[in-house]
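# A look at the structure
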Protein chains: 2
Amino acid sequence: MDQHQLKFSARGDALIGQEMFKVLERARKIEEAGGTVIHLELGNPRLPPPPGLVEATIETLKRYDVGYTYSGGLPVLRQTIAKRYRDAHHCAVTEANVVVSPANFLINQFLDLCCDRGDSVVFFTPAFPTYWAAAAHIGLRVEEVALGAERGYDLTRADVDAAVAKRPRAILVNSANNPTGAVYSREVLEYLSDRCGEAGIWILSDETYGDIAYGRPFYTMAEPSARHVVVMCSFSKIFSVPGYRLGFAVAAPDVIAKLSLSVSTQLSCLPIFTQLGCVEGLKVIDEYTGALRERFARTNSECAEIINETNILRCAAPAAGFYVFVDLAGLDIDDMTFCQRLLDECSVAVTPGRSFGPAYKHHIRIATCGEWPSVREGVVRTIALSRRLAGATAA
Amino acid sequence: MDQHQLKFSARGDALIGQEMFKVLERARKIEEAGGTVIHLELGNPRLPPPPGLVEATIETLKRYDVGYTYSGGLPVLRQTIAKRYRDAHHCAVTEANVVVSPANFLINQFLDLCCDRGDSVVFFTPAFPTYWAAAAHIGLRVEEVALGAERGYDLTRADVDAAVAKRPRAILVNSANNPTGAVYSREVLEYLSDRCGEAGIWILSDETYGDIAYGRPFYTMAEPSARHVVVMCSFSKIFSVPGYRLGFAVAAPDVIAKLSLSVSTQLSCLPIFTQLGCVEGLKVIDEYTGALRERFARTNSECAEIINETNILRCAAPAAGFYVFVDLAGLDIDDMTFCQRLLDECSVAVTPGRSFGPAYKHHIRIATCGEWPSVREGVVRTIALSRRLAGATAA
């Protein structure tokens, strides 16, 4: 054997990456060649972050506060997050229940630390691409419980029963949902927690979009006395700072300690200056996310309306976040071909539905969080392509 | 089964963390209670970073450039790193040979993507704690090749032969070395590369301290045409910005693509503002690291001198970096007890030797990169404790 035959590990071979980052890189190549692309593929909010957030980061940098710090996160940030859960959600969270970490890292680490290779995990689908990539990498068997499009992809007791009946090691749940914008009821989430608690099933509750739910009250599953429930969240979307790469988990102290060890081993710690920025952001979270909710309620509803008017494309009206998940209902075309033609012929980048599960090869996700004129133009071009394609089929 | 019996995975159970971060947190607790601690446990350089580095980060933040970017790193940073390898090391490195990532993450991911559970890996010991933590987490069998203290922990052809004879999946090599400060010869590193290339063994060459070698010429193993060699490096030490959490790997394009996928899946991408800061740093790397080399040559040599004068403690004179690895030669005490007494009785934090391998329970590592008066005072107190302990033994 020589160096050119050297093999990656089974986990290395199973690392497949995320389709949506591939779309981003393809679009960027077009731009490097001088083209212009409307980016509706990533949830990359380009709004100004909350007042004080970036400024606090800059002040920290001016002090050259660029050393190592606590692996699990700055105590002041963990305390501020805990207080937010006590105040806004009446939930008995303390510093010991919080670890600071990039959110994608938390998803990967939760699955890696709580599930063994060959175990099964349940996703309610459509489901966020990172879940699929992480499960494939770790070697988990994904069992799908598809949520009904006709019910706006809401989660029901029957869906929970179907998930628990599969006897998985863990269930991933995502309310408010990416990509559908659905927000699940308190009643069904409590039922999920109870059923999994009895059955000894881990839950990862991804609540990244919880603070930008506008069409239905958001309910957090955070409950530190329920050891089986791990809640995770990101600052990327609620503070419009995806480049800060910061999020957090809320869970029982021993689970938090394990996740902190993972940060310590793989990342050592996270920057002090980004963490202190988020402390400032949390001081004005209600005002800031209030403005976001108002904005996204308006833009998402306008997008959904003009999409559904086509009678070719179809989407549920989102109750949260800044995506619309579109069924290419009236078209005889798969998602990859549609996305590629949309990028090449109309200079609009969107995410193929299969990123959210193999059953969604006839869907696309449109992110509506960019500058509104550009988002609207991107949606209009998407509709125009659909009409051309539908015309071609009819002819 | 109920939620309280819920188990972590085998990998979760095997996540043991790093001893040196535990010392840091214990020391911080003393400080929170009002005490003062001299920190010689972590390589946390507190010098001002290169001119322009922090300023470029701040300018990027002022532009609100806080969105997502390329998973594998900003092209301009990858190109600048590649150029550095071409100019300084006459090594045919291009952008396609470089991925940007936190260095500890690269160590973990290299082992996870290139070795399967149960495989053996060779460490030349003493070896950096992250290697041990990563190997334990992944389930790798660590085979040690102990380097001779009497030769200043230099790497020899016989050591290489011993390592290859164990037929491991991968060998980790670290020149310039943490904790010993040894720098290996070009001749022995080329021999290592040749032997492993023939035998089909991956090499991870950790060159984090290469640019601060002062006592012997540093040789990089970077050679993108040698697919089995993965070089990794960190900006933490050479730019005094450990809180930036940035490093990079240099390797064959398909290995880089795999490591980039790992960043994409687990971290999405890294901040634009820290990456642009490091681009500025690289413009003045020779002047900046020249000053570091001069400083550390002086302080390390002074520390080694007063330590060896004791005839109780013993260390090799480092040729690189900012650590001295000290044998508690004349003392009948283990490293943990010594470290604890040093912290509790003398308010000085150092790292126990066992962090670098089970054979070093009679050693400590002292980091000399802090403010010199404080470092000197810490070393003086360490020596004073040793004399007291030696006196007590003699009495």
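Shown above is the structure to which this text applies.
Here's a quick rundown of the structure. This one's a predicted model, so the numbers in the text were calculated from it and none came from an experiment.

## Some details on the packing of helix 5 (residues 103-114) of chain A against helix 6 (residues 129-138) of chain A
Residues and elements named next belong to chain A. In the contact formed by helix 5 and helix 6, the axes pass within 9 Å of each other and the chain directions differ by 40°. Relative to helix 6, the element helix 5 is oriented oblique. Read as a crossing pair, helix 5 and helix 6 show a hand that is right-handed. Residue-level contacts link N104, I107, N108, L111 and D112 of helix 5 to T130, Y131, A134, A135 and I138 of helix 6.

## Re the environment of S374 of chain A
Residue and element names in this part refer to chain A. Examined against the element boundaries, S374 turns out to sit in helix 14 (residues 372-394). Residue classification places S374 among the partly exposed positions, given a relative accessible area of 30%. Expressed as a C-alpha distance, the spacing of S374 and Y191, which sit 183 residues apart in the sequence, is 41 Å.

## Quick word on the interface of chain A and chain B
By convention, interface size is frequently given as the accessible area that disappears when the constituent parts associate. With 90 residues of chain A at the contact, the number on the chain B side is 90 residues. Summed over both sides, the interface between chain A and chain B buries roughly 7400 Å², with carbon and sulfur atoms accounting for 56% of that surface. Counting across the chain A and chain B interface gives two salt bridges. Residue D112 of chain B pairs with R11 of chain A through a salt bridge whose shortest N-O separation is 2.8 Å. Linking chain A with chain B are 40 residue pairs in polar contact (both at pLDDT 80 or more), by the criterion used here. Looking at the side of chain A that touches chain B, the element that brings in the most residues is helix 10 (residues 253-267) of chain A, giving nine residues. A class-by-class count of the residues in the side of chain A that touches chain B yields 39 nonpolar, 31 polar and 20 charged.

## Comments concerning the side chain of N177 of chain B
Residues and elements named next belong to chain B. Note on placement: N177 falls in the loop between strand 5 (170-173) and helix 8 (186-199). Relative accessible area serves as the criterion here: at 5%, N177 is assigned to the buried category. A distance of 3.0 Å separates a polar side-chain atom of N177 from the backbone oxygen of N174. Within the structure, the side chain of N177 is placed 3.0 Å from the backbone nitrogen of T180, a separation counted as a polar contact.

## A short note on the relation of the copies chain A and chain B
Mapping chain A onto chain B leaves a residual RMSD of 0.0 Å; the transformation is a rotation of 180° accompanied by 0.0 Å of translation along its axis. The transformation just described matches what one would write down for a two-fold rotation axis. No C-alpha of chain A lies nearer the rotation axis than that of I58 of chain A, which sits 2.9 Å from it.

## Considerations on the sheet that holds strand 7 (residues 229-234) of chain A
All names here are of chain A. Read across the open sheet, the seven strands follow the order 2-8-7-6-5-3-4; overall the sheet is mixed. Each edge of the sheet is formed by a strand with only one pairing partner; in this case those strands are strand 2 (98-101) and strand 4 (141-146). Averaged over all pairs of adjacent strands, the angle between strand axes in this sheet comes to 20°, irrespective of strand direction. Across three bridges, the pairing between strand 3 (residues 120-125) and strand 5 (residues 170-173) is parallel.

## Some remarks on unusual backbone geometry
Note that the residue after N178 of chain A, namely P179 of chain A, is joined by a cis bond; omega there is 20°. Tracing the backbone through its elements, the reader meets P179 of chain A in the loop between strand 5 and helix 8 (186-199). Notably, S240 of chain A is not glycine yet its phi reads approximately 55°, a positive angle. With respect to the secondary-structure elements, S240 of chain A resides in the loop between helix 9 (235-238) and strand 8 (247-250). Classification of S240 of chain A as buried rests on a relative accessible area of 1%. Here the phi dihedral of Y153 of chain B falls at roughly 60°; this positive angle occurs in a residue that is not glycine. Position of Y153 of chain B among the secondary structure elements: in the loop between strand 4 (141-146) and helix 7 (157-165).

## Overview of the pairing of strand 5 of chain B
Residue and element names in this part refer to chain B. What you see with strand 5 is no split at all: A170 and L172 on one side and I171 and V173 on the other are buried throughout. By the bridge criterion, four bridges tie strand 5 to strand 6 (residues 202-206) in an arrangement that is parallel. Looking across to strand 6, one finds that L172 is bridged to L204. Handedness of the β-α-β unit built from strand 5, helix 8 and strand 6 comes out right-handed.

## Quick word on the sheet that holds strand 5 of chain B
Residues and elements named next belong to chain B. Judged by pairing direction, the sheet is mixed, and its seven strands sit side by side in the order 2-8-7-6-5-3-4 without closing on themselves. On the outer flanks of this sheet lie strand 2 (98-101) and strand 4, each paired with one strand and no other. Neighbour-to-neighbour, the strand axes of the sheet open up by a mean angle of 20°, direction not taken into account. Across the face of the sheet, helix 7 comes into contact with strand 3 (120-125), strand 4 and strand 5 while running at roughly 160° to strand 4. Docked against the sheet, helix 10 (residues 253-267) engages strand 2, strand 6, strand 7 (229-234) and strand 8 (247-250), running at close to 25° with respect to strand 2.

Rules and cut-offs
- Residues numbered from 1 in each chain as written.
- Chains lettered and ligands numbered in written order.
- Predicted model: local features only at pLDDT ≥ 70, side-chain atom pairs only at ≥ 80, totals over all residues.
- Heavy atoms only, no water.
- Axes fitted to C-alpha atoms, helices over the stretch in contact; angles between N-to-C directions.
- Helix = DSSP H or I, 4+ residues; strand = E, 2+ residues; numbered from the N terminus.
- Parallel < 35°, antiparallel > 145°, perpendicular 65-115°, else oblique.
- Left-handed = near helix turned anticlockwise from the far one by under 90°.
- Contact = heavy atoms within 4.5 Å.
- Buried < 20%, exposed > 50% of the residue type's maximum accessible area, 1.4 Å probe, protein only.
- Buried area = accessible area lost by both parts, 1.4 Å probe.
- Salt bridge = Lys/Arg side-chain N within 4 Å of Asp/Glu carboxyl O.
- Polar contact = N/O pair within 3.5 Å; in protein donor to acceptor, adjacent residues only side chain to side chain.
- Nonpolar A, V, L, I, M, F, W, Y, C, P; charged D, E, K, R; others polar.
- Least-squares fit on C-alpha atoms with pLDDT ≥ 70 in both.
- Pairing = 2+ DSSP bridges.
- Right-handed = clockwise from strand over helix to strand, strands pointing away.

None of this, on its own, says anything about what the molecule does.
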